[in-house]
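One-letter residues, chain by chain:
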Amino acid sequence: MLPSRDEEKVWNALDQFSVELPSWGFANTGTRFGKFLQPAAAATTEEKLADAGQVHGVTGCCPSVALHVLWDFPRGLADAPDVTAAAARYGVRIGAINPNVFQDQQYKHGSLGNPDPEVRKAALAHLVESAGIAAATGSRDVSLWFADGSNYPGTANLRARKHWFEEGLRELHGHLRADQRLLVEYKPFEPAFYHTDIADWGMALLLARSAGPQARVLVDTGHHYQAQNIEQIVAWLLAEGMLGGFHFNDRRYADDDLTLGSIDPYQVFRIFHEILFYEWESGKRADVAYMIDQSHNLKPKIEEMIQTAVMAQELYAKAVLVDHARLAIHQRSAELVDAEACLQGAFATDVRPLLREWRMARGWPAAPLAAFRESGYLERITTERGARAGPAASSYA
Ligand code: PSV
Ligand code: MN
């Protein structure tokens, strides 16, 4: 049994904790080798929001949905009122808006980093429209990921491209409303395999700094080399006041988009720990957007998102249990074994009974996945959506 002070800490933390769902996680998706279609997969923005509403309805911790402009707003800004209304109908709100400057044919050699000024202009126009969509849908964050890069040495002017990125992001920043943020995501490779323009957190940090005061860095947990210490990046970005948010997913090899915590739950725990430790030491709440960036082609999509949200809550609750005061003393005295035990003890605690109690006290189902399965929703959409002619359409490449 946990002492009640710990229980209270965990309950308070769970009351504040939420994690954003990605609309693209509900659509049919695949690998570059093909797609295995699911009859229940969402094919429209409305269906994605409906499915997200189901996840929030049983977990209580996913009140917002990140949207991808090209996939979810086919008519751009004109779709904003309908999409906002649909979200409200399904009990969720619009989260981060993700522009898409990587699919169009014109972006073959990059978007903001393209040597052709006309393409850079087109990319900027799309980014500015995306900021407008965020404003129109009541969303705060414009979340930027660029596929820009090159495949062969010597084919791109690395410094010129850095300069074009600085220019473009600065200009985009000028279009933000006072309460909006730009989140700059980084990724070392894929789709480009020689260089990526924003390859790591240092480059993202420099670009965010030069863009303006409302820009921050976004850490996608799948976007690092194997041995990278992600929680140290998190700690440094916190110390610099530059951590804006996360795209959570797990991986075994590269950017695998596996379920959060399925391979290395201790990694996620350590990230949460760094954030909570920072909050304890600074007395400030870190303004960090927790988002999921996973799109599953084998697991059933809604169930997988429930699994992810519950895992996020569990790992967050475990991190809350770290005794910060004790840890600080052990660290100062270099009591290595005792300091490490502070983390290990918290990580080893089974928080599931506590989460169950919290859920029941707050009016959420005690067992989210079971509640979803009992609801009959999956059977209903499988029949309804499966009856559509031909394979289910997808807006996810
Ligand atoms: C790119 O790998 C990424 O992580 C970006 O966040 C995209 O928006 C997302 O995946 C979906 O393609
Ligand atoms: Mn991402």
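Residues numbered from 1 in each chain as written. Chains lettered and ligands numbered in written order. Predicted model: local features only at pLDDT ≥ 70, side-chain atom pairs only at ≥ 80, totals over all residues. Heavy atoms only, no water.

Re unusual backbone geometry
Most peptide bonds adopt trans geometry, and most residues besides glycine take a negative phi value. Note the cis peptide between Glu190 and Pro191, where omega equals 5°. In this structure, Pro191 sits in the loop between strand E8 (181-185) and strand E9 (195-196). Residues other than glycine seldom take positive phi values, yet Glu190 does so here, at roughly 75°. The residue Glu190 is located in the loop between E8 and E9 in this model. (Helix = DSSP H or I, 4+ residues; strand = E, 2+ residues; numbered from the N terminus.)

Points about the site of ligand 1
Taken together, 13 residues lie near ligand 1, and His68, Glu185, Lys187, Asp220 and Asp293 sit nearest. At a separation of 2.8 Å, an oxygen atom of ligand 1 approaches a polar side-chain atom of Glu185. Residue Lys187 places a side-chain N or O atom 2.8 Å away from an oxygen atom belonging to ligand 1. Look at ligand 1: alone it shows 310 Å² of surface, and the protein chains cover 91% of it. Looking at the shell around ligand 1, its residues break down into four nonpolar, four polar and five charged. (Near = heavy atom within 4 Å. Polar contact = N/O pair within 3.5 Å; in protein donor to acceptor, adjacent residues only side chain to side chain. Areas by Shrake-Rupley, 256 points an atom, 1.4 Å probe, with all protein chains shown as cover. Nonpolar A, V, L, I, M, F, W, Y, C, P; charged D, E, K, R; others polar.)

Brief notes about the coordination of the manganese ion (ligand 2)
The coordination sphere of the manganese ion (ligand 2) contains the protein donors Glu185 (OE), Asp220 (OD), His247 (ND1) and Asp293 (OD), at a distance range of 2.2 Å. The motif formed by the donor residues of the manganese ion (ligand 2), counted along the single chain, is E-x34-D-x26-H-x45-D. Highlighted residues: Asp220 in strand E10 (residues 215-220) and Asp293 in the loop between strand E12 (289-292) and helix H10 (301-320), separated in sequence by 73 residues. There is no split in this pair, since Asp220 and Asp293 are both buried. (Donors = N, O, S within 2.8 Å, 3.2 Å for Na, K, Ca; no water. Buried < 20%, exposed > 50% of the residue type's maximum accessible area, 1.4 Å probe, protein only.)

What about the nonpolar core?
Burial of nonpolar side chains together is a common tendency in soluble globular proteins. The biggest cluster of nonpolar side chains holds 101 residues, and the ones touching the most others in it are Val19, Phe146, Leu243, Phe246, Phe272, Ile275 and Tyr290. The element contributing the most residues to this core is H10, with eleven residues. If sequence neighbours within four positions are ignored, Ile275 has contacts with Val234, Leu238, Leu243, Phe246, Ala286 and Tyr290. Ranked by size, the runner-up nonpolar core spans eight residues in total, among them Ala96, Leu183, Leu218 and Ala289. (Core = buried A, V, L, I, M, F, W, Y, C linked by side-chain atoms within 4.5 Å. Contact = heavy atoms within 4.5 Å.)

Examining the environment of Ser143
With respect to the helices and strands, Ser143 occurs in strand E6 (residues 141-144). Spatially, the C-alpha atom of Ser143 lies 9.5 Å from that of Ala131, the residues being twelve residues apart in sequence. Look past the residues within four positions of Ser143 in its chain and what remains in contact with it is Ala96, Ile97, Asn98, Pro99, Leu183, Leu218 and His247.

Points about the packing of helix H8 (residues 230-239) against helix H9 (residues 265-282)
Direction vectors running N to C along H8 and H9 enclose 20°, while the axes themselves pass 9 Å from each other. By the criterion of interaxial angle, the relationship of H8 to H9 is roughly parallel. Crossing angle aside, the handedness with which H8 passes H9 is right-handed. Across from Ile230, Glu231, Val234, Ala235 and Leu238 in H8, the residues of H9 making contact are Gln267, Arg270, Ile271, Glu274, Ile275 and Tyr278. A breakdown of the residues in the contact of H8 with H9 according to their chemical character gives seven nonpolar, one polar and three charged. (Axes fitted to C-alpha atoms, helices over the stretch in contact; angles between N-to-C directions. Parallel < 35°, antiparallel > 145°, perpendicular 65-115°, else oblique. Left-handed = near helix turned anticlockwise from the far one by under 90°.)

Structural notes on the confidence of the model for the protein chain
Looking at the protein chain as a whole, the pLDDT averages 96, with 97% of positions reaching at least 70. Here residues 391-397 scores under 50 on pLDDT; set against residues more than four positions off or in separate chains, the count is 19 contacts. (pLDDT = per-residue confidence, 0-100.)

Some thoughts on helix H15 (residues 377-386)
Those residues of H15 not exposed but buried are Tyr377, Ile381 and Arg385. Seen end-on, H15 carries its buried residues on one side only, within an arc spanning 40°. Considering only its buried residues, H15 is in contact with helix H2 (45-59), H10 and helix H14 (368-375). (Arc of directions from axis to C-beta.)

Digging into the packing of aromatic side chains
Throughout the structure, instances matching the rule amount to 21 aromatic pairs. One aromatic cluster is present, formed by Phe17, Phe246, Phe248, Phe272, Tyr290 and Tyr316 through successive ring pairs. Above the face of the Trp164 ring, Arg120 is positioned so that its terminal group lies 4.1 Å from the ring centre. In this structure, Arg252 is placed above the aromatic ring of Tyr253, and the distance from its NZ or CZ to the ring centre is 5.2 Å. (Phe/Tyr/Trp six-rings, centres within 6.5 Å; stacked < 30°, edge-to-face > 60°. Lys NZ or Arg CZ within 6 Å of the ring centre and 35° of its normal.)

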